[in-house]
Amino acid sequence: MQYNISEFNHLVKHRRSVFLNQLNPDKPVDDLIIKQVLENATYAPTHAKTEPWHFVVFSGEGRQKLADFQSKLYKEEAGEKFTEAKYNNLQKQPLLASHIIAICLKRHPSAKIPEIEEVEAVACAVQNIYLSVTAYGLGGYWSSGGITYMAKARPFFGLQENDKLLGFFFIGHIATPSLPVPRAPLDEKVQWINE
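Here the structure is a predicted model, which means the values were calculated and not measured.

(A) Layout of helix α3 (residues 62-78). Here α3 contains 17 residues, and its C-alpha end-to-end distance of 24 Å stays within 8% of the 24 Å for a straight helix at 1.5 Å per residue. Those residues of α3 that sit buried are G62, R63, L66, A67, F69, Q70, S71, L73, Y74 and A78. Against β2 (53-59), α4 (84-92), β3 (99-105) and β5 (164-174) lie the buried residues of α3. A positive phi of about 60 degrees marks G79, the residue just after α3.

Shown next as structure tokens:
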């Protein structure tokens, strides 16, 4: 099957991170679109077909549950580094997107594949999310802030000790588009050895 290469190249080159202050919080995205985006994510490459990705989707009132959980956990864990501003931000963030997808890695019970390769597989799935969101004319971004690397967050997302929370993908309708971001010349990033 031959695909339209120019359209695909355009899609890849116009993928952008669209942040919460650029989204329309009052216009929800259809759940069927989110399901298709996640189905596309599962077609990422994966060594030994372990499919280590696991997604937890928060929408509607579920966004408030995420907000309450993450702000409470932050308050419990921050100690002397606690700031009211960060606490309030964790309370508000989920309500500014239509859907929030927790990006998780569930280790295969055999653990025969190196963890880094499982992380890479999940990252490929996230790139599929990015491209799908762009194709639908939506905005979003992958955030690894907040409670992402707190071990005590794992059970809330159905994760075990060897699993990982790798961040959150926020999705919504675009209110303010992102500007193009220049890339370094390809020759600075590629070495050709052909002799």
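(B) Broad picture of unusual backbone geometry. In this model, A48 sits at a positive phi of 60 degrees, which is unusual for a non-glycine residue. By the secondary structure assignment, A48 is in the loop between α2 (31-41) and β2. Even without being a glycine, K49 presents a positive backbone phi close to 55 degrees.

(C) Region of interest: a nonpolar patch on the surface. Together, M1, Y3 and I5 line one region of the surface with nonpolar side chains, adding up to about 440 Å² of accessible area. Relative to the helices and strands, M1 resides in the segment before α1 (5-13). When its relative accessible area of 86% is taken as the criterion, M1 is described as exposed.

(D) Representation of the packing of α3 against α4. Two numbers describe how α3 lies on α4: the axes approach to 7 Å, and their chain directions differ by 160 degrees. Taken as axis vectors, α3 and α4 run roughly antiparallel relative to one another. With respect to the hand of their crossing, α3 and α4 are arranged in right-handed fashion. Contacts between α3 and α4 pair Q64, A67, D68, Q70, S71, K72, Y74 and K75 from the former with K86, Y87, L90 and Q91 from the latter.

(E) Main features of the side chain of T50. Relative to the helices and strands, T50 resides in the loop between α2 and β2. Looking at T50, its side chain comes within polar contact range of the side chain of E118, at 2.8 Å. Residues in contact with T50, not counting those within four places in the same chain, are H108, I113 and E118.

(F) Representation of the pattern of salt bridges within the structure. Counted under the stated rule, the structure contains three salt bridges. Of the charged contacts, one joins E115 and K164 as a salt bridge, the two residues approaching to 3.8 Å between their closest N and O atoms. Residue E115 is located in helix α5 (residues 115-135), and its partner K164 is located in strand β5; the two are separated by 49 residues in the primary sequence. Assessed through its relative accessible area of 33%, E115 is described here as partly exposed.

(G) Up close: the state of the cysteines. As enumerated under the stated definition, the model contains zero disulfides in all. Not engaged in a disulfide, the cysteine C104 finds its nearest cysteine sulfur in C124; these two sulfurs lie 17 Å apart. In this structure C124 comes out as partly exposed when scored by relative accessible area, which is 31%.

(H) Local environment of the pairing of β3. The element β3 is extensively covered by neighbouring structure, given that seven of its seven residues are classed as buried. Looking at chain direction, β2 and β3 are connected through seven bridges and run antiparallel. The residue bridging V56 from the neighbouring strand is A102, located in β3. Where β3 lies against β5, seven bridges are found, and the strand directions are antiparallel. Looking at the pairing, L105 lines up with K164 of β5.

(I) Looking closely at the packing of aromatic side chains. One pass over the structure, following the stated rule, counts eleven aromatic pairs. Relative to F156, the ring of F58 has its centre 6.1 Å away and its plane inclined at 0 degrees; by these criteria the two rings are stacked. Within this pair, whereas F58 is found in strand β2, its partner F156 is found in the loop between β4 (138-143) and β5, the two being separated by 98 residues in sequence. We classify F58 as buried; its relative accessible area is 7%. Arranged with centres 6.0 Å apart and planes meeting at 55 degrees, the rings of F82 and Y87 form a pair that is tilted. Exposure remark for F82: the relative accessible area of 26% places this residue in the partly exposed category. The cationic tip of R15 hangs over the ring face of Y130; the distance from NZ or CZ to the ring centre is 4.5 Å.

Cut-offs applied
- Residue positions within a chain follow its written sequence, with the count starting from 1.
- Side-chain atom pairs in this predicted model are given and counted only at pLDDT of 80 or more, local residue features only at pLDDT of at least 70, and totals for whole chains, interfaces and linings cover all residues.
- Side-chain numbers here rest on the full set of heavy atoms in the structure, without hydrogens or water.
- Numbered from the N terminus, helices here are DSSP runs of H or I no shorter than four residues, and strands are runs of E no shorter than two.
- The span you would expect from a helix comes to 1.5 Å times its residue count less one.
- In this scheme, a residue with accessible area under 20% of its type's maximum is buried, one over 50% is exposed, and one in between is partly exposed, where area comes from a 1.4 Å probe on protein chains only.
- Between two residues, a contact is recorded if the distance between any of their heavy atoms is within 4.5 Å.
- Only residues whose relative accessible area exceeds 30% and that form no salt bridge enter a patch; like-charged residues are grouped when within 9 Å of one another, and nonpolar side chains (Val, Leu, Ile, Met, Phe, Trp, Tyr) when within 5 Å.
- Each accessible area is a Shrake-Rupley estimate made with a 1.4 Å probe; only the visible protein chains count as cover when residues are assessed.
- When a carboxyl oxygen of Asp or Glu lies within 4 Å of a side-chain nitrogen of Lys or Arg, that pair is called a salt bridge.
- Geometry is summarised by axes, namely lines fitted to C-alpha atoms with helices restricted to the contacting stretch, and by angles between N-to-C directions that run from 0 to 180 degrees.
- The cut-offs work like this: below 35 degrees is roughly parallel, past 145 is roughly antiparallel, 65 to 115 is roughly perpendicular, and the gaps in between are oblique.
- Whether a crossing is left-handed or right-handed is set by the direction in which the near helix is turned from the far one by less than a right angle, anticlockwise for left-handed and clockwise for right-handed.
- Any N or O atom pair separated by 3.5 Å or less is treated as a polar contact, with the protein-specific requirement of one donor-capable and one acceptor-capable atom, and with residues adjacent in sequence counted only for side-chain atom pairs.
- Only a pair of cysteine sulfur atoms within 2.5 Å qualifies as a disulfide here.
- Between any two strands, pairing holds if DSSP finds at least two bridges.
- Ring geometry is summarised as follows: Phe, Tyr and Trp rings, the Trp one being its six-membered ring, pair when their centres sit within 6.5 Å, and such pairs are stacked at plane angles under 30 degrees, edge-to-face over 60 and tilted between the two.
- Either the NZ atom of lysine or the CZ atom of arginine qualifies as a charge over a ring when it sits within 6 Å of the ring centre and within 35 degrees of the ring normal.

The quantities given are spatial measurements derived from coordinates; they are silent on function.
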